Amino acid sequence: MNLRDSLLAALVATIWGFNFVVIDWGMHGVPPLLFAAVRFTAVVLPAVFLVPRPAAPWRSVVAVGVFMSLGQFGFLYVAMAAGLSPGLAALVLQAQVIFTVVIAAGVLRERPTRTQVAGVLAGSIGLVVVALGRGGHVTLGALALCVCGALSWGIGNVVSRASGVRGGLSLTVWSAVVVPLPLLALSLLLDGPHAVGAALAGFSWQAALSTLYTAGLASLVGYGVFNTLLSRNPSASVVPWVLLAPVVAMASAWALLGERPTPAEVAGGLLLVAGVLVAMRPSRAAVPVPATELVEA
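All values reported here derive from a predicted model rather than from experimental measurement. (Residues numbered from 1 in each chain as written. Predicted model: local features only at pLDDT ≥ 70, side-chain atom pairs only at ≥ 80, totals over all residues. Heavy atoms only, no water.)

Novice: Looking at this model, I keep getting lost on the nonpolar core. Mind explaining?
Specialist: In this structure, Phe20, Leu76, Tyr77, Leu84, Leu88 and Cys146 are the most contacted members of the largest nonpolar core, which totals 59 residues. Residue contributions to this core peak at 9 residues, all from helix α3 (residues 58-81). In this structure Tyr77 touches Ile23, Met27, Pro32, Phe35, Ala36, Arg39 and Thr214, once residues within four positions along its chain are discounted. If you look at the next biggest cluster of nonpolar residues, it comprises 7 residues, including Val12, Trp16, Ala218 and Tyr223. (Core = buried A, V, L, I, M, F, W, Y, C linked by side-chain atoms within 4.5 Å. Buried < 20%, exposed > 50% of the residue type's maximum accessible area, 1.4 Å probe, protein only. Helix = DSSP H or I, 4+ residues; strand = E, 2+ residues; numbered from the N terminus. Contact = heavy atoms within 4.5 Å.)

Have a look at this one:
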């Protein structure tokens, strides 16, 4: 990539990394599933009236929305509400690459290369190290929820790949149509109508700014710029920039929230990132996962 595109890729990764801190900052006083529902409502409206529907069957668009957005962010927001720090959440979500390789091997019969197997093993060991060395404020349940979010993202990658749906802003907007109502229903069921009503009535300016950032910058602008980069550069040159997001998330959480990672979290995180980098290496023996499926936070 040229210097301009490299700077744009770094900017998008920075937006996505800081996104985790913004979520954590704005979610106080708002049930997590309700907060996610509000975010995706802002993604859909008014963009759904301005962006053409993707040229794909509805079942494919719905499946992408269910796994890539509903599942991923439902688990992520609940995990962060349960105490998972923004930096650690951004890091653990990168396990979606490992899940994608494993699920594609079983479902699509895409035999992984030795390099991919090595990357999956390294990344898995990194996750174990992170789990064993998590800070005292992070419960194993919160970590498991985030892993479930990464798993949902990985399933979404394989669903999108099998369906042939191409990524892009239109898919981001239209797949989000199926997200807000289920999240709202779950919030009403788990948190209760009184808590949901009180949160909406007292929706703070911090929550509103967080929603504008996550929906406008992270989802719409971030995807728009990133997919433009993918349209004029090889995916192998663009996708690795996403690994800057956990670094930005950890650094900003440390600077702004005072959340210092433990040595084990740092060591396990480095091993996880190294495994992801290895697993993402292009191979002649395997068709690479579409790059537009390996992004978003």
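Novice: Got a minute to help me understand the environment of Glu265 in this structure?
Specialist: Mapped onto the elements of the fold, Glu265 is located in helix α14 (residues 263-279). A C-alpha to C-alpha distance of 4.7 Å links Glu265 and Val130, two positions 135 residues apart in sequence.

Novice: What is the right way to read helix α4 (residues 86-93) from this model?
Specialist: Because each turn of an α-helix spans 3.6 residues, side chains separated by three or four positions end up pointing in the same direction. Most of α4 sits inside the fold, with 8 of its 8 residues counted as buried. Burial in α4 covers these residues: Pro86, Gly87, Leu88, Ala89, Ala90, Leu91, Val92 and Leu93.

Novice: Just checking my understanding: could you explain the pattern of salt bridges for this structure?
Specialist: Opposite charge on two side chains makes pairing possible when the charged atoms of those side chains draw close. The final tally for this structure, using the stated rule, is 1 salt bridge. Note that Asp5 is salt-bridged to Arg4, the shortest N-O span being 3.6 Å. A relative accessible area of 53% places Arg4 in the exposed class. (Salt bridge = Lys/Arg side-chain N within 4 Å of Asp/Glu carboxyl O.)

Novice: Even after reading the chapter, I still don't get the packing of α3 against α4, so can you show me in this structure?
Specialist: To characterise two packed helices, one gives the angle between the axes of the helices and the distance between these axes. Across the interface, α3 lies against α4 with an axial gap of 10 Å and an inter-helix angle of 150°. Comparing their axes, α4 and α3 come out roughly antiparallel. Judged by the twist between their axes, the crossing of α3 over α4 is right-handed. Together, Gln72, Leu76 and Met80 of α3 and Pro86, Ala89 and Leu93 of α4 make up the contact between the two elements. (Axes fitted to C-alpha atoms, helices over the stretch in contact; angles between N-to-C directions. Parallel < 35°, antiparallel > 145°, perpendicular 65-115°, else oblique. Left-handed = near helix turned anticlockwise from the far one by under 90°.)

Novice: Whenever I open this one, helix α13 (residues 244-257) confuses me. Can you help?
Specialist: Over its 14 residues, α13 extends 19 Å from the first C-alpha to the last, a length consistent with the 20 Å expected when each residue adds 1.5 Å. Taken together, the buried positions of α13 are Ala245, Pro246, Ala249, Met250, Ser252 and Ala253. Those residues of α13 that are buried are in contact with α1 (3-26) and α4. Looking one or two residues past α13, Gly258 carries a phi angle of roughly 70°, positive in sign. (Expected span 1.5 Å × (residues − 1).)

Novice: Please clarify how the packing of aromatic side chains should be interpreted in this entry.
Specialist: Aromatic ring pairs are described here by two measures, namely the spacing of the ring centres and the angle between the planes. One pass over the structure, following the stated rule, counts 7 aromatic pairs. For the pair Phe35 and Tyr77, a centre-to-centre distance of 6.0 Å together with 55° between the ring planes defines the contact as tilted. Remark: Tyr77 occurs in helix α3 and Phe35 occurs in helix α2 (residues 32-44); sequence separation between them is 42 residues. In terms of burial, Phe35 and Tyr77 fall into one category: buried. Residues Phe73 and Tyr77 carry aromatic rings whose centres are separated by 6.5 Å and whose planes lie at 80° to one another, so their mutual orientation is edge-to-face. Of this pair, Phe73 and Tyr77 are both found in helix α3, 4 residues apart, which corresponds to roughly one turn of the helix. A relative accessible area of 1% places Tyr77 in the buried class. The rings of Phe35, Phe40, Phe73, Tyr77 and Phe203 are connected pair by pair, giving a single aromatic cluster. Here the guanidinium or amino end of Arg39 rests over the ring plane of Phe73, the centre of that ring lying 4.5 Å away. (Phe/Tyr/Trp six-rings, centres within 6.5 Å; stacked < 30°, edge-to-face > 60°. Lys NZ or Arg CZ within 6 Å of the ring centre and 35° of its normal.)

Novice: Can you walk me through the side chain of Ser252 in this structure?
Specialist: Within the secondary structure layout, Ser252 lies in helix α13. Under the relative-accessibility criterion, Ser252 is labelled buried at 10%. A polar contact of 2.7 Å, which involves the side chain of Ser252, links it to the backbone oxygen of Val248. In this structure the side chain of Ser252 is engaged in a polar contact, spanning 3.1 Å, whose partner is the backbone oxygen of Ala249. Beyond its immediate chain neighbours, meaning those up to four positions away, Ser252 contacts Phe18, Val21 and Leu257. (Polar contact = N/O pair within 3.5 Å; in protein donor to acceptor, adjacent residues only side chain to side chain.)

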